[in-house]
Number of protein chains: 8
Amino acid sequence: MNHSYLEQLLKQVAGGSLAPADALKKLKHLHYEDLGFAKIDHHRALRNGFPEVIFCQGKTAEQVAVIFAALAKNNHRIIATRANEEMYAAVAAQVSDARYHSMSKLITRDSGQPSNKKGSVSIISAGTADQPVAEEAAICCELMGHQVIRLYDVGVAGIHRLLDKQDQFEKSIALIVVAGMEGALASVVAGLVDKPVIAVPTSVGYGASFNGLSALLAMLNSCATGIGVVNIDNGFGAAALASSIVRAKE
Amino acid sequence: MNHSYLEQLLKQVAGGSLAPADALKKLKHLHYEDLGFAKIDHHRALRNGFPEVIFCQGKTAEQVAVIFAALAKNNHRIIATRANEEMYAAVAAQVSDARYHSMSKLITRDSGQPSNKKGSVSIISAGTADQPVAEEAAICCELMGHQVIRLYDVGVAGIHRLLDKQDQFEKSIALIVVAGMEGALASVVAGLVDKPVIAVPTSVGYGASFNGLSALLAMLNSCATGIGVVNIDNGFGAAALASSIVRAKE
Amino acid sequence: MNHSYLEQLLKQVAGGSLAPADALKKLKHLHYEDLGFAKIDHHRALRNGFPEVIFCQGKTAEQVAVIFAALAKNNHRIIATRANEEMYAAVAAQVSDARYHSMSKLITRDSGQPSNKKGSVSIISAGTADQPVAEEAAICCELMGHQVIRLYDVGVAGIHRLLDKQDQFEKSIALIVVAGMEGALASVVAGLVDKPVIAVPTSVGYGASFNGLSALLAMLNSCATGIGVVNIDNGFGAAALASSIVRAKE
Amino acid sequence: MNHSYLEQLLKQVAGGSLAPADALKKLKHLHYEDLGFAKIDHHRALRNGFPEVIFCQGKTAEQVAVIFAALAKNNHRIIATRANEEMYAAVAAQVSDARYHSMSKLITRDSGQPSNKKGSVSIISAGTADQPVAEEAAICCELMGHQVIRLYDVGVAGIHRLLDKQDQFEKSIALIVVAGMEGALASVVAGLVDKPVIAVPTSVGYGASFNGLSALLAMLNSCATGIGVVNIDNGFGAAALASSIVRAKE
Amino acid sequence: MNHSYLEQLLKQVAGGSLAPADALKKLKHLHYEDLGFAKIDHHRALRNGFPEVIFCQGKTAEQVAVIFAALAKNNHRIIATRANEEMYAAVAAQVSDARYHSMSKLITRDSGQPSNKKGSVSIISAGTADQPVAEEAAICCELMGHQVIRLYDVGVAGIHRLLDKQDQFEKSIALIVVAGMEGALASVVAGLVDKPVIAVPTSVGYGASFNGLSALLAMLNSCATGIGVVNIDNGFGAAALASSIVRAKE
Amino acid sequence: MNHSYLEQLLKQVAGGSLAPADALKKLKHLHYEDLGFAKIDHHRALRNGFPEVIFCQGKTAEQVAVIFAALAKNNHRIIATRANEEMYAAVAAQVSDARYHSMSKLITRDSGQPSNKKGSVSIISAGTADQPVAEEAAICCELMGHQVIRLYDVGVAGIHRLLDKQDQFEKSIALIVVAGMEGALASVVAGLVDKPVIAVPTSVGYGASFNGLSALLAMLNSCATGIGVVNIDNGFGAAALASSIVRAKE
Amino acid sequence: MNHSYLEQLLKQVAGGSLAPADALKKLKHLHYEDLGFAKIDHHRALRNGFPEVIFCQGKTAEQVAVIFAALAKNNHRIIATRANEEMYAAVAAQVSDARYHSMSKLITRDSGQPSNKKGSVSIISAGTADQPVAEEAAICCELMGHQVIRLYDVGVAGIHRLLDKQDQFEKSIALIVVAGMEGALASVVAGLVDKPVIAVPTSVGYGASFNGLSALLAMLNSCATGIGVVNIDNGFGAAALASSIVRAKE
Amino acid sequence: MNHSYLEQLLKQVAGGSLAPADALKKLKHLHYEDLGFAKIDHHRALRNGFPEVIFCQGKTAEQVAVIFAALAKNNHRIIATRANEEMYAAVAAQVSDARYHSMSKLITRDSGQPSNKKGSVSIISAGTADQPVAEEAAICCELMGHQVIRLYDVGVAGIHRLLDKQDQFEKSIALIVVAGMEGALASVVAGLVDKPVIAVPTSVGYGASFNGLSALLAMLNSCATGIGVVNIDNGFGAAALASSIVRAKE
């Protein structure tokens, strides 16, 4: 509960301009819209810098569409992650300018006026198979209003490919490193720059990668500093963190 | 290898002001000092924003002291983590203004002129037992030149303690959340602010906490956004990431 | 074996009103009906407060139907969990008033007279994707004769949604908290009330949630007190525990 | 934040009997006492039915003593868990009627008038080595005001020992089952009674018990119903849950 | 290499009745038939008491059929485990009296004269869902020449069902206990009898059963004695061990 | 509860030779002696073929001594496992002919008349470091009345050492294979004989042996048949299973 | 970056035969071809002894075909691993002499002149189900220019099958051992020879094999020496290591 | 069993120059010396290229000394790994020229004539804390007769330190890479060279390194080729593999 808001409310009540019962109601109903099966948090844009993002996995196509449409009433930019084609069809029937990204499994909408992109984020991925997660991060960063530099397929087994590109990524405000298998790329990149590095382990690999555990542990145990790790395959989460870092710069 | 440096070097060689053999030598011996058992990376301050930090665990007291002394020749501020009393004694014999922090197991030196602290970092911990890790983060942040706001013992079982302090921490550029057991504090804090949150799981707990695994997994799987996770008990790592975020702001 | 029952039996035998051989038979055949592949425990309602519940996973549709029909002879209310459409078809062919709940995968029958609901149980879930498990708990609680208060989609990333509803759930006799991902909701709820909290981790999440392990560990390691944890996705188990708590109140 | 309390506060502010600034202060400072390194939650007795319990592990002896003494000012009954002899010495120096239980590692204080014990809790343990955890649960239950029935060393390898005692434990309002190794006792007990069973896995065992993981998993996967599981070796947690169940009965 | 066989061979060589080269060949080609992709071990019946059993998983239907047919030339009784319908079709085309058991996924052939069954093995399973594994064990035991007593659906949640049958199973030479979930049945049975108990954990369960890990650990950590554990769902392995125990009795 | 015993009891009651109250008492007090903290199961010798064995880990030295002395009143042969020197001192003060085996951490007593050893058990261990566990098995087997053949340090890295001894072990009724590290010895031995093989994984090893997990998994997944696995380092458990197999032979 | 290459470049620059800007360009664009989604490392043949191998898993069929075709321009021999039929169709449309190996899921091309095979590698597999992985290793070894000796289905449960073939494999320069389940074959083979053994755990098995973890741990913990382990099911990786060992011999 | 040896033996027997009984004895007693608790494999030098190495962990000081002395009778060079000071004292009392290496916990003896070192092995370690394991590998390599190039403290966080040394290590026949934490060094090195790389994960790290699991998984999942992994902290194992590779070159 926001402190200054509460102070102001109390002053209004004290001044008689707001009845206690009404104040109570405000405190209760202010923050979200109740759809029954979901409570849409319209104030998240205020509180967290971006409208609530829809995590589609485990929801029905219908639920996704209802939430998407509800958000569309108040927001120009919307993101739904881990969506399939069926969910997109349901959404598109209600929000005509929604768009589906099949590689990254995102449904997005970007209906606002083109804004000036603020702050650059580099997205560096180890192999071609890591690209879906990298793209999830990239598209989310763009929708959140940032410039994105994409550097894909620069894994550590051919380290010169990465070193060659250093001048491209070392000027970004934040870097997102996407890697599966042994996840070593995060350590190498973090050793080269003086910028926050967001490491995204992917489930790319097999056998003893244990669906991304290998890369996850590697990134958490990096001998390099300045690394924050997000969940396996969580491209969106990396973008959200990068965005909050870039906005901290403003 | 720094791109512009390489370009300049090549120009000097082309201009004849630098012999190829000498250029080669420069490329080789430039970056670090070789102590035999360790190679001190004097350029890390340039590259990563802070001198190389000594990870004491697994080193002998003598090794720690030699590295500390070598760093002390070129740096005002030095940090050694996971140090014990014996290591400190060895260091203090060579670097008289080194200081030991018994709770956080740090040896530090801060011999430079008092600098203006830049940017504030809030450090929020769940329980009293998480304090050693929180202090490791706090002291490192201070040595790296930042203001620190400490909010300790505000675990989620008494959520009002945290909500009361929201106005204190919501203005920091970055927040470090330190929690063991179920690690829920990171999610709650990240839901309240629009700032990057660095989550530090601790090994506080017992039984099915499996030495911090419980808090680690919880933080990686947070339903809130804007969280980057570091290794279990890695207060220093959190500070380094926070510092790189604050400096990105400059 | 029930003590007082045994005492009475022995007295009857001593008094000659019961032959030893007959007593032996009673001890053997009293408790269940043998269907060959399954032994139906008709006395469980007496012993455990509710007829034996059919766990459908791993059974054939035919087996489910035979057991369901056998139970239907002696019980008004029946629950079969983790059932699919095919199993329901087989059951419905024999027990016409059976009903299928597709979201929660339950087959139920409630043919008795409407009873007064005794005691209220609040069921609080973190996200929309947790709803199938929450509904499994809710429907089972209702069949077991209790009032149910549903509070869905009140995850900790928007803590005000939960705090707003506190007056609704804090008066229940027991609370069931259903959450996947980091499972933090259980700790926050248990910190707010002085009532037994039953925590149900769900497999909602991905990557390092490891199919619910993350939420499970978080709930077991809660810093709040008064929490009992059941198996991942075990909505029925939570309902059974809640019911036994409510009945303990009678 | 308590709803009715907030309503009342708002009314006072509206009526002019409370200045907005004072109301704000109340909201902030009401709930706890700040010791610097710890924030004592004096309202927890109101909110959770028992004063805050001190988890000693990871705290210094001095910290334990300061918190204990602070609690002693307002509470007759105090519990500190996982305490060692040194911590007790520090506490006893300040709170003379504190008592140490060496087997269960508890420091307790029970200075109030003898109260009538309300509601019985049975504590059933599998082996002699499980006794420290069972005693932690038992002593905590007694301090929380309940009658305790102790049934120790009745593991499933000699099932008749348990069956013989069924008439003793089947009348309790709640049962706590403490078992290590394969943890089968919880399933067997829950199959015999129609009461909530709180299962406490212990770290008793070796090899593939993996410090209690074996018993923990067994209890979570019980084929019997009505079981809530707490953390490994968490006798106190079991007592707190049992107490909340018994109080729900009042 | 069999010792007495080797001794005899050496004597023949010494006596001149066997040329060294021939002896060498014998040592090489004696034991198996090479099918290229597989080497059939015809002497296993001698060495291990039963012909080589075909583990079908990971083999093509054609490979299974070729091996089955090769074995059929020298053996009356054959077992192939983890076979599907397609594999059976391929086998039946070559060995007309092969039979498929759809529940237990076995292909068997039993073309010899009916033999007197030697020694009884009790097979006790916890729930209906454990039956496929129990049947795999039962059918294999029968083919290996033993009497089988089946006691299914006698899980520990209704312990009286098991106790009632004690006189049936306590006279067997060996007992096979098949259970998933918490696997407690093995401990209870082993506590009741003075016979070797072979425990088969099954993957029946969900959530924290982790595909049978829960039952496996429980059985390995049993507080009862006289239990040997086989792999999860390994009904055949249990039968093979039971058979070797029964034959040890002869 | 033994069936024939119960039948006889009922007949006595029916015949009037036993009063119901006395019968009830018998049923209750027959089976064990209650020491308060422990219940000694004097009938286990009848039921399980050997007196209750004391698992010392987690017990105090005093508790061990009291139980040992209580057993000594009715039994010639007693085994206490995982005992330390202090426990032995406490036992020896009460039972003068108790003996301590420092390598295998056993306290034993063997005061009866020398009996004819029945049935041979081979104990085969992989390395010298596995010897303590092998000896625990060996000594227990001897006390249980069996001949023991010891074959130590015959690991698979030098397979000829094992093959040379085949004629020694292949005639035993049961074989116990004790191995740490990769635990391959169990598979190789089971491939050579047609006898039940009891596999004991040990915690010998380091790194990725994860305290015996490596050997445990290997033994459970053996491609050879006729293997039953016991817990890591559980030499006694192996002996108890071997003994039950040998007795099955009688 | 190759040292002598760098030296030569610097000399050219010093001699004026190469402009600094051109040298810079060379350093940047030398090593790979950028396809947008992938960067083909044409110098890997130089650096790692074989052209870059395409890991198909997680790539689209189109991506595989584009990369394959790009490599085909400069290389006679190409390998793509973990490919499916669809990927092969896409490749074959562009590179007509590509070939698909359905068992080992490889797409290969071998268009060069037949070369003399250099050095022999033995590939020894435990069971028929391990053959796909063994074949992946075998075919890769052949394409890399080495002779391959295949010894399949010689698992340790029938150790004589392996011992009989010892003279075949003991003369190879390197041995690849492929085994699932308990993975014991690696230890036994390494104990028989004085050659580097490359151990490939496979996911063959079930239950507690945990998809190859069992064999992996066994191979890492082998009591035999001279073993290097690769990832589960990684036949190609084993071949690459074997090839580097054979070439080291040249 | 060596093939040609067996052939020769059979010929002698055929020729009458060797009695069958004597041949049998030879086959039995040839290969090792039986010390009771250990069987020394004197032929291992023949078979595996180096005398049996003593793994001291889990052995008593006396056992180590007896085995060491027995080996000393027939071998100039001896290695005992994981030895402590007490073991060394016991060894030194019997073998006066034994030497203790306190950092790497080795007892060695090198009493033979100085030999020409054959083949070079580079040992590259990531951090100072990895040095004990690196030294274990280095000293063992030297005793096995190879030249060793040591490159310590060249972790990937400062990649230029490694690149600078490339010309030193790229000419070795085999490379050993020793790294804890995220273990990324193995991937980077293997990407730079065309030589077999032996990766040794170390237990250096904390928290989510889980005692070396992190580095182990990373190395197994490397995106670079030509890597064979040994057990965590297994410096000796790496040396043995390197030695077998170098000897394969001869």
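Remember, predicted model here, so these are calculated numbers, not experimental data. (Residues numbered from 1 in each chain as written. Chains lettered and ligands numbered in written order. Predicted model: local features only at pLDDT ≥ 70, side-chain atom pairs only at ≥ 80, totals over all residues. Heavy atoms only, no water.)

Novice: If you had to explain the overall build of chain A to someone new, which residues and values would you point to?
Specialist: Broken down by element type, chain A carries 11 helices and 11 strands. Residues classed as buried in chain A amount to 66% of the 250 residues present. Considering only contacts in chain A between residues 6 or more positions apart, those separated by 24 or more positions represent 65%. (Helix = DSSP H or I, 4+ residues; strand = E, 2+ residues; numbered from the N terminus. Buried < 20%, exposed > 50% of the residue type's maximum accessible area, 1.4 Å probe, protein only. Contact = heavy atoms within 4.5 Å.)

Novice: Can you explain the packing of aromatic side chains? Please cite residues and give values.
Specialist: As enumerated under the stated definition, the model contains 16 aromatic pairs over all chains in all. Geometrically, the ring pair formed by Y88(B) and Y100(B) is stacked, given 5.5 Å between the ring centres and 25° between the ring planes. Taken together, the positions of Y88(B) in helix α5 (residues 85-94) and Y100(B) in strand β5 (residues 99-101) put the pair 12 residues apart, joining distant regions of the chain. Over the ring of Y206(G) we find R82(E); its NZ or CZ atom is 3.6 Å from the centre of that ring. (Phe/Tyr/Trp six-rings, centres within 6.5 Å; stacked < 30°, edge-to-face > 60°. Lys NZ or Arg CZ within 6 Å of the ring centre and 35° of its normal.)

Novice: Which residues make up the relation of the copies chain G and chain F, and what values do they have?
Specialist: One copy of the chain maps onto the other through a rotation about an axis plus a displacement along that axis. It takes a turn of 180° to lay chain G on chain F, together with a shift of 0.0 Å along the axis; the resulting RMSD is 0.1 Å. Such values leave the two copies arranged in the relation of a two-fold axis. When C-alpha positions in chain G are compared against the rotation axis, the closest is assigned to A184(G), at 2.4 Å. Interface overlap between copies: 100% of the residues of chain G at the interface are likewise at the interface in chain F, consistent with a symmetric, same-surface contact. (Least-squares fit on C-alpha atoms with pLDDT ≥ 70 in both.)

Novice: Quick rundown of the interface of chain G and chain F? Include the residues and the values.
Specialist: Facing 24 residues of chain G, the contacting portion of chain F comprises 24 residues. Between chain G and chain F, the buried area comes to about 1,900 Å², and carbon and sulfur atoms account for 70% of it. The interface formed by chain G and chain F holds 0 salt bridges in total. Connecting chain G to chain F are 14 residue pairs in polar contact (both at pLDDT 80 or more). Mapped onto the side of chain G that touches chain F, the elements with two or more residues apiece are α7 (159-164), α9 (185-192) and α10 (213-220) of chain G. Broken down by element, the residue count for the side of chain G that touches chain F peaks at 5 residues, all from α10(G). (Buried area = accessible area lost by both parts, 1.4 Å probe. Salt bridge = Lys/Arg side-chain N within 4 Å of Asp/Glu carboxyl O. Polar contact = N/O pair within 3.5 Å; in protein donor to acceptor, adjacent residues only side chain to side chain.)

Novice: So what's going on with the sheet that holds strand β3 (residues 54-55) of chain D? Residues and values would help.
Specialist: All names here are of chain D. Across the sheet, which stays open at both edges, the 4 strands sit in the order β3-β4-β6-β5 with mixed pairing between neighbours. Edge strands, defined here as strands with exactly one partner in the open sheet, are β3 and β5 (99-101). For β3 and strand β4 (residues 77-81), the ladder comprises 2 bridges, and the chain directions are parallel. Looking at the pairing, F55 lines up with T81 of β4. In the packing of helix α6 (residues 131-143) onto the sheet, contacts are made with β4, β5 and β6 (106-110), and the angle to β6 comes to roughly 20°. (Pairing = 2+ DSSP bridges. Axes fitted to C-alpha atoms, helices over the stretch in contact; angles between N-to-C directions.)

Novice: Explain the nonpolar core to me, and be specific about the residues and the numbers.
Specialist: Counting 260 residues, the largest nonpolar core has L185(B), L185(D) and L185(F) as its most contacted members. Among all residues touching L185(B), those that are not within four sequence positions of it are I124(B), S125(B), A126(B), V154(B), V156(B), L162(B), V177(B), V178(B) and A179(B). (Core = buried A, V, L, I, M, F, W, Y, C linked by side-chain atoms within 4.5 Å.)

Novice: Help me get a handle on the pairing of β6(D), residues and values and all.
Specialist: Residue and element names in this part refer to chain D. Counting buried positions along β6 gives 4 out of 5 residues, so the element sits mostly inside the fold. Strand direction decides the pairing type here: β4 and β6, joined by 4 bridges, are antiparallel. In the sheet register, I78 faces β6, and the bridge partner there is R109. Relative to β6, β5 is paired through 3 bridges, and the arrangement is antiparallel.

Novice: Got a sec to walk through the domain arrangement of chain A? Specific residues and values, please.
Specialist: Residue and element names in this part refer to chain A. Each domain of chain A was delimited in the assignment, giving domain 1 (3-110) and domain 2 (120-249). If you look at the interface, domain 1 gives 16 residues, while domain 2 gives 12 residues. Summing the contributions of domain 1 and of domain 2, the shared interface buries around 1,100 Å²; its carbon and sulfur component is 74%. For domain 1, the biggest contributors to the area lost against domain 2 are R82, M103 and S104; these three give 37% of the whole. Taken together, domain 1 and domain 2 are joined by 0 salt bridges. The interface formed by domain 1 and domain 2 contains 2 residue pairs in polar contact (both at pLDDT 80 or more). Contributions of two or more residues to the side of domain 1 that touches domain 2 are made by β4 (77-81) and β6 (106-110). Considered class by class, the residues forming the side of domain 1 that touches domain 2 number 6 nonpolar, 6 polar and 4 charged. (Domains from an automatic or database assignment. Nonpolar A, V, L, I, M, F, W, Y, C, P; charged D, E, K, R; others polar.)

Novice: An account of the pattern of salt bridges is requested, with residue identities and associated values reported.
Specialist: As enumerated under the stated definition, the model contains 40 salt bridges over all chains in all. Among the ionic pairs, E142(A) bridges to R150(A), the shortest N-O distance being 3.1 Å. The class for E142(A) is partly exposed, based on a relative accessible area of 27%. The partner of D97(D) in a salt bridge is R109(D), with the nearest N and O atoms 3.2 Å apart. You can see D97(D) sitting in the loop between α5 (85-92) and β5 and its partner R109(D) sitting in strand β6, a full 12 residues away along the chain.

Novice: I'd like to hear about the sheet that holds strand β6 (residues 106-110) of chain B, residue by residue, with values.
Specialist: Residue and element names in this part refer to chain B. Within the open sheet, the 4 strands sit side by side as β3-β4-β6-β5. Their pairing is mixed. Two strands lie at the open edges of the sheet, namely β3 (54-55) and β5, each paired on one side alone. In the packing of helix α6 (residues 131-143) onto the sheet, contacts are made with β4 (77-81), β5 and β6, and the angle to β6 comes to roughly 20°.

Novice: Run through helix α4 (residues 61-72) of chain A, naming residues and quoting values.
Specialist: Residues and elements named next belong to chain A. Relative to the 16 Å expected for 12 residues at 1.5 Å per residue, α4 spans 16 Å between its end C-alpha atoms, a close match to the ideal helical length. Within α4, 10 of the 12 residues are buried, leaving the element largely enclosed by the surrounding structure. For α4, the set of buried residues is A61, Q63, V64, A65, I67, F68, A69, A70, L71 and A72. (Expected span 1.5 Å × (residues − 1).)

Novice: So what's going on with the packing of helix α10 (residues 213-220) of chain D against helix α10 (residues 213-220) of chain E? Residues and values would help.
Specialist: Packing of α10(D) against α10(E) leaves a shortest axis separation of 8 Å and a crossing angle of 125°. Taken together, the axes of α10(D) and α10(E) lie oblique to each other. The handedness of the crossing between α10(D) and α10(E) is left-handed. In contact with L213(D), S214(D), L217(D) and A218(D) of α10(D), α10(E) contributes L213(E), S214(E), L217(E) and A218(E). (Parallel < 35°, antiparallel > 145°, perpendicular 65-115°, else oblique. Left-handed = near helix turned anticlockwise from the far one by under 90°.)

Novice: How would you explain unusual backbone geometry if you had to name every residue and give the values?
Specialist: Phi is positive for F210(B), which is not a glycine, with a value near 45°. Mapping F210(B) onto the fold places it in the loop between β10 (197-201) and α10 (213-220). One non-glycine residue, M181(E), lies in the positive phi region at around 45°. Since its relative accessible area comes to 18%, M181(E) is described here as buried.

Novice: An account of the packing of helix α4 (residues 61-72) of chain G against helix α5 (residues 85-92) of chain G is requested, with residue identities and associated values reported.
Specialist: Residue and element names in this part refer to chain G. Between α4 and α5, the shortest axis-to-axis distance is 8 Å and the interhelical angle comes to 40°. Taken as axis vectors, α4 and α5 run oblique relative to one another. Handedness of the crossing formed by α4 with α5: right-handed. Along the contact surface, α4 presents A61, V64, A65 and F68, while α5 presents E86, M87, A90 and V91. For the contact of α4 with α5, the class distribution of residues is 7 nonpolar, no polar and 1 charged.

Novice: Mind laying out the environment of V229(D), listing which residues take part and the relevant values?
Specialist: Take V229(D): it is sitting in strand β11 (residues 227-229). Along the sequence, V229(D) and L241(D) sit 12 residues apart, while their C-alpha atoms lie 10.0 Å from each other. Excluding anything up to four places from it in sequence, V229(D) contacts L220(C), I227(C), G228(C), V229(C), A199(D), P201(D), L216(D), M219(D) and L220(D).

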